[in-house]
Amino acid sequence: MYRNKTITVCFPCRNEGNHLETVLSKVPEFVDEVIVISNRSTDNTFEEASKLGVKVLEDNRTIKGIGYGFAHITGINAASSDIIVSADGDGTYPVEQLADILDNFIDNELNFMSCNRYPLPSDSHIPLKLRLGVWVLNMEVKILYGKNIQDILSGMWVIDNRLKSELNLTMGDWNLSPEIKLNAATNPKIKFAENHIVQHKRHGESHQNYWKTGLSHVLWIFMNRFAFLKYKIGSKY
Ligand SMILES: Nc1nc2c(ncn2[C@@H]2O[C@H](COP(=O)(O)OP(=O)(O)O)[C@@H](O)[C@H]2O)c(=O)[nH]1
Ligand SMILES: [Mg+2]
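Residues numbered from 1 in each chain as written. Chains lettered and ligands numbered in written order. Predicted model: local features only at pLDDT ≥ 70, side-chain atom pairs only at ≥ 80, totals over all residues. Heavy atoms only, no water.

Caption draft 1: Spotlight on the overall build of the chain. In terms of regular secondary structure, the chain is built from eight helices and seven strands. Looking at the chain as a whole, 51% of its 237 residues qualify as buried. Sequence-distant contacts, at least 24 apart, represent 75% of the contacts inside the chain between residues at least 6 apart. Summing over all exposed atoms, the chain offers an accessible surface of approximately 12100 Å²; the carbon and sulfur share of this is 54%. (Helix = DSSP H or I, 4+ residues; strand = E, 2+ residues; numbered from the N terminus. Buried < 20%, exposed > 50% of the residue type's maximum accessible area, 1.4 Å probe, protein only. Contact = heavy atoms within 4.5 Å. Areas by Shrake-Rupley, 256 points an atom, 1.4 Å probe, with all protein chains shown as cover.)

Here is the structure:
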């Protein structure tokens, strides 16, 4: 419980068992519920999370091998607290600073907050190709949606549980990340803001193909902007 609100933290995980104990040890004492959602882990993620006494769910659905979005959707749906926090299970997001992040969320009466990593500190370990990719996607969002978002690919969010159904989450793959921010930022019922954070270095290895994922984001953000055309054309018949 934090400032009279119950708090759930959700971690989507694929093969993060080796460092799960370290990652979970950073979760502040005031958090009421921790949910680990494993997606096709082949290591000890499930056993390790069970041993650490948190709620463990499995969502093994994938799109072309990726289940990041499915895992998030399952976690968010299962979360029972007033405020839901979602973050990568690789130790990159500063869950130890949750009190400050929640103060911003509560003081500003937000319904959705994305924890943006940009601008980066001068000694940032985020690779250049990833920075460039995020810049291109942020520009695409600005041009197509008229929204100034500093970090369209942040993987740490704070959600008002009362409005989670308003987020209309559908993407099971990496595109859940732009989808959740764009749906929040364009929904007049949702008060959206970003909160600056500094990202830590990852525990373990990412198996993400940044070029392939980046291209899929460019296309998805474009198609999503004009999705209503499909509906309009379709509705004529
Ligand atoms: N459930 C699930 N989690 C995944 C999947 N791929 C990656 N993850 C988790 O999602 C988070 C983000 O993945 P990561 O490899 O760190 O990507 P990056 O942060 O973009 O480099 C990590 O906690 C991973 O364990 C997946 O297909 N399913
Ligand atoms: Mg990560």
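Back to the text.
Caption draft 2: Spatial organisation of unusual backbone geometry. The residue after Y118, namely P119, is reached through a cis peptide bond having omega 0°. By the secondary structure assignment, P119 is in the loop between strand 5 (112–116) and helix 5 (128–145). Even without being a glycine, R40 presents a positive backbone phi close to 50°. If you trace the backbone, R40 turns up in the loop between strand 2 (33–38) and helix 2 (45–51).

Caption draft 3: The arrangement of the coordination of the magnesium ion (ligand 2) in detail. Note on the magnesium ion (ligand 2): its protein donors are D88 (OD) and D90 (OD). The metal-donor distances range over 2.1 to 2.3 Å. Classification of D90 as buried rests on a relative accessible area of 5%. (Donors = N, O, S within 2.8 Å, 3.2 Å for Na, K, Ca; no water.)

Caption draft 4: Geometry of the site of ligand 1. If you check the shell around ligand 1, you find 18 residues, and the closest are E16, N39, G67, G89 and D90. Contact distances for ligand 1 include 2.7 Å between an oxygen atom and a side-chain N or O atom of D90. Considering ligand 1 on its own, with 570 Å² of exposed area, one finds that the protein chains cover 89% of that surface. Secondary structure elements with two or more residues in the shell around ligand 1: strand 1 (7–13) and helix 3 (68–78). Here the residues of the shell around ligand 1 sort into eight nonpolar, five polar and five charged. (Near = heavy atom within 4 Å. Polar contact = N/O pair within 3.5 Å; in protein donor to acceptor, adjacent residues only side chain to side chain. Nonpolar A, V, L, I, M, F, W, Y, C, P; charged D, E, K, R; others polar.)

Caption draft 5: Region of interest: the packing of aromatic side chains. The tally for this structure, following the rule as stated, stands at four aromatic pairs. Relative to W174, the ring of Y68 lies with its centre 4.6 Å away and its plane at 35°, an arrangement referred to as tilted. Linking Y68 in helix 3 with W174 in the loop between strand 6 (156–160) and helix 6 (176–186), this pair joins segments that are 106 residues apart in sequence. The exposure class assigned to Y68 is buried, which follows from its relative accessible area of 12%. (Phe/Tyr/Trp six-rings, centres within 6.5 Å; stacked < 30°, edge-to-face > 60°.)

Caption draft 6: Region of interest: the sheet that holds strand 6. The seven strands lie next to each other as 3-2-1-4-6-5-7, forming an open sheet whose pairing is mixed. Both outer strands of the open sheet, strand 3 (55–58) and strand 7 (192–196), are each paired with one neighbouring strand and no more. Pairs of neighbouring strands in the sheet enclose a mean axial angle of 20°, with direction left out of account. Pairing of strand 2 with strand 3, which is carried by four bridges, proceeds in the parallel orientation. (Pairing = 2+ DSSP bridges. Axes fitted to C-alpha atoms, helices over the stretch in contact; angles between N-to-C directions.)

Caption draft 7: Spatial organisation of the layout of surface pockets. When its volume is computed, the second largest pocket comes out at roughly 170 Å³. Taken together, K5, D82, I83, F105, I106, E109, L110, N111, D160 and R162 make up the lining of the second largest pocket. The residue inventory of the lining of the second largest pocket, partitioned by class, reads four nonpolar, one polar and five charged. (1 Å grid on protein atoms, 1.4 Å probe; cavity = no way out; pocket = protein on both sides within 12 Å on 5 of 7 lines; lining within 4 Å. Points joined across faces, edges and corners; volume = space filled by probe spheres on them.)

Caption draft 8: Spotlight on the nonpolar core. Counting 35 residues, the largest nonpolar core has F112, L167, I180 and L182 as its most contacted members. For this core, the elements supplying multiple residues, two or more each, are strand 2, helix 3, helix 5, strand 6, helix 6 and helix 7 (210–225). Setting aside residues up to four positions removed in sequence, L182 forms contacts with V141, Y145, I149, I152, W220, I221 and N224. Within the second largest apolar cluster, 32 residues are counted, among which are V23, V27, I83 and V158. (Core = buried A, V, L, I, M, F, W, Y, C linked by side-chain atoms within 4.5 Å.)

Interpretation in functional terms is not warranted from these geometric data alone.
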